[in-house]
Amino acid sequence: MLIPLILSGGSGTRLWPVSRKNLPKQFLSLSGEGTLFQQTVSRTRLLPEVAAPIVVASEDHRFLAAEQLQEMRVPNASIILEPLPRNTAPAIALGALHALERDPDALLLVLPADHLIGDTDSFSDAVKRALPSAQAGWLVTFGIRPERPETGFGYIRRTDAIDADAFRVGQFVEKPNAEKARTYLDDGGYDWNSGMFLFKASRYLEELGEHAPAMLEAVKQAYAGHQADLDFIRIDAEAFAKVPDNSIDYAVMEKTQRAAVVPVSCAWSDIGSWSALWLTGERDDQGNLREGDTIAVKTRNSLLRSHDRHLIATVGVDDLIVVSTPDATLVAHRDAAQDVKQVVDELKASGRSEHSLHRVVRRPWGSYDSLEISDRFQVKRIVVKPGAQLSLQKHHHRAEHWIVVSGTAEVTCDDKVFLLSENQSTYIPLGSTHRLRNPGKMPLELIEVQSGSYLGEDDIVRIEDVYGRA
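Cut-offs applied
Residues numbered from 1 in each chain as written. Predicted model: local features only at pLDDT ≥ 70, side-chain atom pairs only at ≥ 80, totals over all residues. Heavy atoms only, no water. Phe/Tyr/Trp six-rings, centres within 6.5 Å; stacked < 30°, edge-to-face > 60°. Helix = DSSP H or I, 4+ residues; strand = E, 2+ residues; numbered from the N terminus. Buried < 20%, exposed > 50% of the residue type's maximum accessible area, 1.4 Å probe, protein only. Lys NZ or Arg CZ within 6 Å of the ring centre and 35° of its normal. Pairing = 2+ DSSP bridges. Axes fitted to C-alpha atoms, helices over the stretch in contact; angles between N-to-C directions.

(A) Geometry of the packing of aromatic side chains. According to the stated counting rule, one finds 10 aromatic pairs in the structure shown. Seen from their ring centres, Phe27 and Phe37 are 5.3 Å apart, and the 45 degrees between their planes marks the pair as tilted. A residue pair is termed long-range when its members are at least 10 positions apart, and Phe27 in the loop between β1 (2-7) and α1 (36-44) and Phe37 in helix α1 qualify at 10 residues. In this pair, the class of Phe27 matches that of Phe37, namely buried. Among the aromatic residues, those joined into a ring-pair cluster are Phe63, Phe232 and Tyr467. The ring centre of Trp278 lies 4.3 Å from the NZ or CZ of Arg283, which sits over that ring. A cation over a ring is seen here: Lys380 above Tyr368, with NZ or CZ 3.9 Å from the ring centre.

(B) A look at the sheet that holds strand β27 (residues 425-428). Spatially, six strands are ordered β20-β21-β22-β29-β24-β27 in an open sheet, and the strand pairing comes out antiparallel. Every other strand in the sheet has two partners, leaving β20 (360-363) and β27 as the edge strands with one partner each. Neighbouring strand axes in the sheet, compared pairwise and without regard to direction, differ in orientation by 20 degrees on average. In this structure, strand β21 (residues 366-373) lies alongside strand β22 (residues 377-384), joined through seven bridges in antiparallel fashion. When the sheet's bridge partners are listed, Gly366 is paired in β22 with Val384.

(C) Quick peek at the sheet that holds strand β16 (residues 303-306). Spatially, the four strands line up as an open sheet ordered β14-β16-β18-β19, and their pairing is mixed. Looking at which strands have only one partner, the edges of the open sheet turn out to be β14 (289-291) and β19 (328-333). The average undirected angle you get between the axes of adjacent strands in this sheet is 5 degrees. Where β16 lies against strand β18 (residues 320-325), four bridges are found, and the strand directions are parallel. When the bridges of β18 are listed, Leu304 appears paired with Val322.

Shown next, in the form of structure tokens:
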């Protein structure tokens, strides 16, 4: 059984302000149809006799992963929730343990959820070519044939051929400087390290037990305490906190004697920065990659993306990145794209929310958009999916006014339950137990006006919640 293992725990900070902690790049549509996560899952469905995927996701992103799988109508997928990030080696171990419950001979196709592959046929062919080595017990990684002297990727040095398609790994090389990268390209025996793998689940756990026994034992203990929760598999948080943090490269691949690499050219990119997205996109005759409402006059080799209703206009500039969202705008030189993470670090250090939240915040029941906020009031646009409901809750520091814009709202306020239609409104007093539900077949849209001494999202006392939130 070939089981895709999708690793979707990344944060994508170098693609700020579009990618943020609560909505990272793998769950965004950045290039092509669907999100990067959905594209990754779609690629696996083109493989013959492939099983339902296993997804390893963070607790914060569980509903994003589940919703996007539902949109694709992917049946029987397993979503394993990491209580906290512990890097790729433990995440793959969780997936391997779960895969062995399905099939003791399971083959795992390990794929990061945030990569872009333009040539899916070549990717599928590479997986098929790697199968014999993986079935023979090799831990196979996929090496991307380099197209340029890239300093943003690690490299893999190939040595002796195992068969017509696979080679022994001679060395994993860290990200090189420009001179070294040119040497690797000219040599012809080096590939980019893609972070994609194919191996038997049992063989990975054997190698992990040999080279990182403490990690394997800690992961086993954490997995042994797992519980089903709605559509998710929850791992024992206290036990998982004891798992060492390490990547598969450091924990296993650099130490095993059975590492193999299958070279492939498949228009791959890890979309690790805005400059990487610029390289992969369809640029105009001036070398500009543009999306949204943009005007480029005497502008060359730039990336312009407007993710709101605001126009971006540039005149007489080259090699720029300009990305606009409703609450933040990034302007950077294309050569400094890797340094965008420093902006995120400064936002965190100053206690600002823009590093983690967009103005439009998604929830399992729908979304809200903070239109206006001041010291003692806030105005939100709330959209509730058909059939969905918010938690039964109350607030200690604020009252709320609700005005229905479209759809029908079922309102619970203390001991009353009543319906509101378009242009009708209600008042939720401070301290009242209340709930909002959409009983209709169309989205419910309303305006919420909050007033009070404190308006933070942590002033929510949940009494009952169908989504299992505390």
